[in-house]
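Chain by chain, the residues run as shown.
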Amino acid sequence: MRKRYSSSKVEWAYIDQLTNAICNEAIRNQVYNALVWYVIESSRYKFLEYFLNGVTLVSPSLIMLLNECGSQDCKWGPIAVTGIGTFAAAAKSFSKLHEKRVNYRKAAEAIKSETILYIRHAGIYVAVERDTLFVEKIDLIRKEENASWVKLESDKNEGQD
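Keep in mind that this is a model prediction, so the values were computed, not measured.

The rules we used
Residues numbered from 1 in each chain as written. Predicted model: local features only at pLDDT ≥ 70, side-chain atom pairs only at ≥ 80, totals over all residues. Heavy atoms only, no water. Helix = DSSP H or I, 4+ residues; strand = E, 2+ residues; numbered from the N terminus. Contact = heavy atoms within 4.5 Å. pLDDT = per-residue confidence, 0-100. Buried < 20%, exposed > 50% of the residue type's maximum accessible area, 1.4 Å probe, protein only. Core = buried A, V, L, I, M, F, W, Y, C linked by side-chain atoms within 4.5 Å. Salt bridge = Lys/Arg side-chain N within 4 Å of Asp/Glu carboxyl O.

A.B. asks: How should the side chain of Ser42 be read in this particular structure?
C.D. replies: Within the secondary structure, Ser42 sits in helix 2 (residues 25-69). The contact partners of Ser42, leaving out residues within four places of it in the chain, are Arg101, Tyr104 and Arg105.

Structure follows, in structure tokens:
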């Protein structure tokens, strides 16, 4: 599953190495699953954003090419390409792909950062109840990302009215 949308093998190796350094199995599984989710979603939105950017960029040139090389009797080709390009631009704009991708990536990097502090017994994780503090911090990161996603969706819906 994770290889399908993976951003790089190096990142997956790092995630495996990072999570394997966590001794508590329940915490390790929670961190691993969160990282897998955010990295896959970030990569998926990146792919969609780049794909729609490509369609948007290529369609004007394709329209010009069709107008120059195509039959003067048939104008459906340029019209169809114009529609596809317009749809791609609108879909990219309304779906807020870039903002969602950045939010997912930001959450993944925040979890990685907290995990390193936790593993090294640094920062707030020098305390006796460091497991509890770490789990609470990971939950907070996830809640903040979820709230950000909900805000993006509500802003998107308000913009369509």
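From this point, the discussion proceeds with the structure in view.
A.B. asks: Whenever I open this one, the confidence of the model for the chain confuses me. Can you help?
C.D. replies: Looking at the chain, pLDDT values average 86 and 90% of them are 70 or higher. Mean pLDDT values over the elements of the chain span from 81, in helix 3 (residues 76-95), up to 94, in helix 4 (residues 97-119).

A.B. asks: Just checking my understanding: could you explain the environment of Ile119 for this structure?
C.D. replies: Topologically, Ile119 is positioned in helix 4. Ile119 gets classed as partly exposed once you look at its relative accessible area, which sits at 25%. Sequence spacing of Ile119 and Cys23 is 96 residues, and the spatial spacing of their C-alpha atoms is 8.9 Å. Not counting chain neighbours up to four residues away, the residues in contact with Ile119 comprise Leu18, Ala21 and Ile22.

A.B. asks: In this structure, what is going on with the nonpolar core? I would like to understand it.
C.D. replies: Generally speaking, a soluble globular protein has its nonpolar side chains buried in company with each other. Judged by nonpolar contacts, the single largest core of 26 residues is most densely connected at Val31, Leu35, Tyr38, Ile111 and Phe134. Of all the elements in the fold, those that place two or more residues in this core are helix 1 (9-20), helix 2, helix 4 and helix 5 (130-160). For this core, the leading source of residues is helix 2, giving 11 residues. Ignoring any residue separated from it by four or fewer positions in sequence, one finds Leu35 in contact with Ile15, Leu18, Thr19, Ala108, Ile111 and Lys112.

A.B. asks: Got a minute to help me understand the pattern of salt bridges in this structure?
C.D. replies: Close approach of charged atoms allows side chains of opposite charge to pair. Following the criterion strictly, the structure yields seven salt bridges and no others. For Arg105, the salt bridge goes to Glu109, with nearest N and O atoms at 2.8 Å. With a gap of four residues between them, Arg105 and Glu109 both fall in helix 4, about one helical turn apart. The class for Arg105 is partly exposed, based on a relative accessible area of 23%. Residue Glu109 is classed as partly exposed on the basis of its relative accessible area, which comes to 37%.

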